[in-house]
Each structure stands twice: as C-alpha cells, then as structure tokens.
Amino acid sequence: MKFKGAINKMGWIKNIIFLAALLTQIIPAQLAAASASSTAENEILVFGASAAFRTVSIAAKVAGNVEYMPFAEGDYIKSGEVVLRVEKTDYALQVALARTQVERAEIALDQAEVEFNRVNELLKSNSASVQMKDNALFAKLSARANLSTAKASLDIAENMLKNTEISAPLNGFVSVKYREPGDYADKAKSVYDIVDLDIIKANLKVPELLISEIKKGDKINISVDVYPDETFSGEIYEISPVGDPLTHFFKVTALIKNTEHKLKAGMFLKALIKTDKK
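The text that follows walks through the structure, step by step, so that each part is easy to find. Keep in mind that this is a model prediction, so the values were computed, not measured. (Residues numbered from 1 in each chain as written. Predicted model: local features only at pLDDT ≥ 70, side-chain atom pairs only at ≥ 80, totals over all residues. Heavy atoms only, no water.)

Within the protein, the regular secondary structure consists of four helices and 13 strands. For the protein, the residues scored as buried account for 30% of the 278 residues in total. For the protein, long-range pairs separated by at least 24 residues make up 74% of all intrachain contacts whose partners lie at least 6 apart in sequence. Taken as a whole, the protein presents about 17000 Å² of accessible surface, with 57% of it coming from carbon and sulfur. (Helix = DSSP H or I, 4+ residues; strand = E, 2+ residues; numbered from the N terminus. Buried < 20%, exposed > 50% of the residue type's maximum accessible area, 1.4 Å probe, protein only. Contact = heavy atoms within 4.5 Å. Areas by Shrake-Rupley, 256 points an atom, 1.4 Å probe, with all protein chains shown as cover.)

So, in structure tokens, the structure goes:
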C-alpha cells in the first residue's frame, strides 16, 4: 500500500510540473496578446526583438597556425579586409615542389616527342617497325597526360597557398571570435562570426486575431527603450504562414534601415504597424 501511495504521489508531482510548465508558456502569451492591440483604425501595436539582417561565419580554408587575426569582438570590418592569415611556409614549399614536377613533366614530354619523331623518320626508311612507332606514340601521350596532372597539382598547391589568407566577404561587426594568433585553425572551422547591422530584422509576434490585418509592404515604426525619443522606420517583408499552436502567435518580420548602427541585435522592440484597414 505504501508503494502504491508513493506511485500515486509521483504521478501527482509529474502532473503539477507539467501544468506549471504549460502555464509558463500560456500566461506570458496571454499577457502579450492583451498588450498587442489596434491602437487606431489602421495601426497595430506589437512587440518583438531585433536581429541582424545577415550573419556570416568566416572559416579557414586551409589548416594551420594563425599568424594574423587582428579584429576583436565588436570591431567593424569592411568588405575585402584581410581578417585571417595562417602560417604559409608548408604551402609555399608545396607550390615549389609542384612547379618542379611540372618542369620535369615538360622535359619528359619534349623527350617523348623527339623520340616519336625519330622513330617516325626511321619507319619511312624501313629502319623501324610499326610496333616501335606505336610504343613511341604511347610514350608521348603518357608524357602529355603526366604534364596535365602536374599542372593540375600546381594549380591546387597555388590555390591552397592563396587560401592561407582570408578576406571579409561583407561589411559588418565581429560578433564572435573563435581563435587568436598562435592558435591552430582547422580547415572549414569558423574563426569569426560577422553580423550585418546596416539593416535590422524586427522579429515580431502577432496574435492570430490581428494577423489578417497585416500584409507584406505595410509600413512600420519601431521604438526601443535606449532611444526613447527616436523612431526607426521600415516595412513588413515576411509573414509566417504557420502560427505557434500553443500561443497562437505568428512570426512577422520587418526590415529597418540602420545606417548609423544605433540598433543592435537582441534589443526589445515596440512596433507600430500601419495597415490599410478602413
């Protein structure tokens, strides 16, 4: 009996935990729904958070020890600036070796062509057999293929040497720095995350009762607590067709111009959406 009582008690505890977890989802959603409302006939007040327009992970293209990695988190980087350089000695040696192999292959091809021409002339005077000519031809073709392989290897080596230096693909701020000079960088592993804040995404949560009033292209004014006397303008560019089945909120995204970079990713936003509702 005590054992069954303990089982029943555990069941009640699980139910209480489940209900508590459920309420933590529903109650905030109800409060947010209460605060999201039509402030005028053609305006809707909602809330959300800011996010970077783009986030790019910059990865090392070849492995090696980091020699140069000058930017810190929060620094602004311009497109084309060198952001990473790994130690290139080994890659430079591979290029030198590949060039030597190309030279040897060129010499071998020259020798094969001379031999083929010689045998071909001997064949005309019946001083060489057809088999000797065929062997000389195959040797020439093989030498030509070896030269092509050597040149391809040189291209690969030169490309790897070039990839010891990485430039920024866009303007942006360093949000995360994963390595420091002296660290070992693995190929294809991120060394920086860069965020583009020239445009800010406003990720908004709109209740289902108001979602039908919003469409792409609607104008929007954003305000944030840190700049209480300023508003930032933009427009709706994305409306999710699927709502949260628990909270009945739909994700709506707006784009806000942010050329002065006043807005940062992760800020709490208050948004006033202007609709065409009459």
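Turning to helix α3 (residues 130–162), a few remarks are in order. With 33 residues, α3 should cover 48 Å at 1.5 Å per step; its first-to-last C-alpha distance of 48 Å lies within 8% of that length. Listing the buried residues of α3 in full gives A136, K140, A143, L147, A150, L154 and A157. Lining the buried residues of α3 we find α2 (89–124). (Expected span 1.5 Å × (residues − 1).)

Attention now moves to the pairing of strand β7 (residues 172–177). Inspection of the sheet shows strand β4 (residues 76–77) paired to β7 by two bridges, in the antiparallel sense. Its bridge partner lying in β7, Y76 is registered against F173. Both β7 and strand β9 (residues 190–207) contribute to a ladder of four bridges, which runs antiparallel. In the strand pairing of β9, F173 is matched with V195. (Pairing = 2+ DSSP bridges.)

For the rest of this paragraph, the subject is the nonpolar core. Core analysis: the largest hydrophobic core is formed by 26 residues, its most contacted members being L204, I220, I222, I256 and I273. Listing elements by their share of this core, those giving two or more residues are β2 (43–59), β9, α4 (208–211), β10 (219–224), β11 (227–239), β12 (249–257) and β13 (268–274). Considering every element that reaches this core, the biggest residue donor is β9, with six residues. Non-local contacts of I273, meaning those with residues more than four positions away in its chain, are made with N42, E43, I44, V46, L204, I214, D218, K219, I220 and I236. Judged by nonpolar contacts, the second largest core, of 19 residues, contains I77, V191, Y192 and I194. (Core = buried A, V, L, I, M, F, W, Y, C linked by side-chain atoms within 4.5 Å.)

A few words now on the pairing of strand β5 (residues 82–86). Relative to β5, strand β3 (residues 64–68) is paired through two bridges, and the arrangement is antiparallel. Bridging across to β5, Y68 finds its partner in R85. As paired elements, β5 and strand β6 (residues 165–167) share three bridges and run antiparallel to each other. Among the inter-strand pairings, V82 is bridged to a residue of β6, identified as S167.

A few words now on the packing of aromatic side chains. For any pair of aromatic rings, the description rests on two quantities: the centre-to-centre distance and the angle between the ring planes. Taken as a whole and judged by the stated rule, the model has three aromatic pairs. R85 extends its terminal NZ or CZ atom over the ring of Y68, reaching a point 4.7 Å from the ring centre. It is K264 that lies over the ring of F173; its NZ or CZ is 5.5 Å from the centre. (Phe/Tyr/Trp six-rings, centres within 6.5 Å; stacked < 30°, edge-to-face > 60°. Lys NZ or Arg CZ within 6 Å of the ring centre and 35° of its normal.)

All right, on to the sheet that holds strand β8 (residues 184–185) then. Pairing in this open sheet of four strands is antiparallel, and the strands run β6-β5-β3-β8 from one edge to the other. Whereas interior strands pair on both sides, the edge strands pair on one side only; in this sheet they are β6 and β8.

Time to look at the pattern of salt bridges. The final tally for this structure, using the stated rule, is eleven salt bridges. Between E180 and K177 there is a salt bridge, with the nearest N and O atoms lying 3.3 Å from each other. On the basis of relative accessible area, K177 is assigned to the buried category, the value being 16%. A network of salt bridges, in which partner residues are shared, links E230, E260 and K262. (Salt bridge = Lys/Arg side-chain N within 4 Å of Asp/Glu carboxyl O.)

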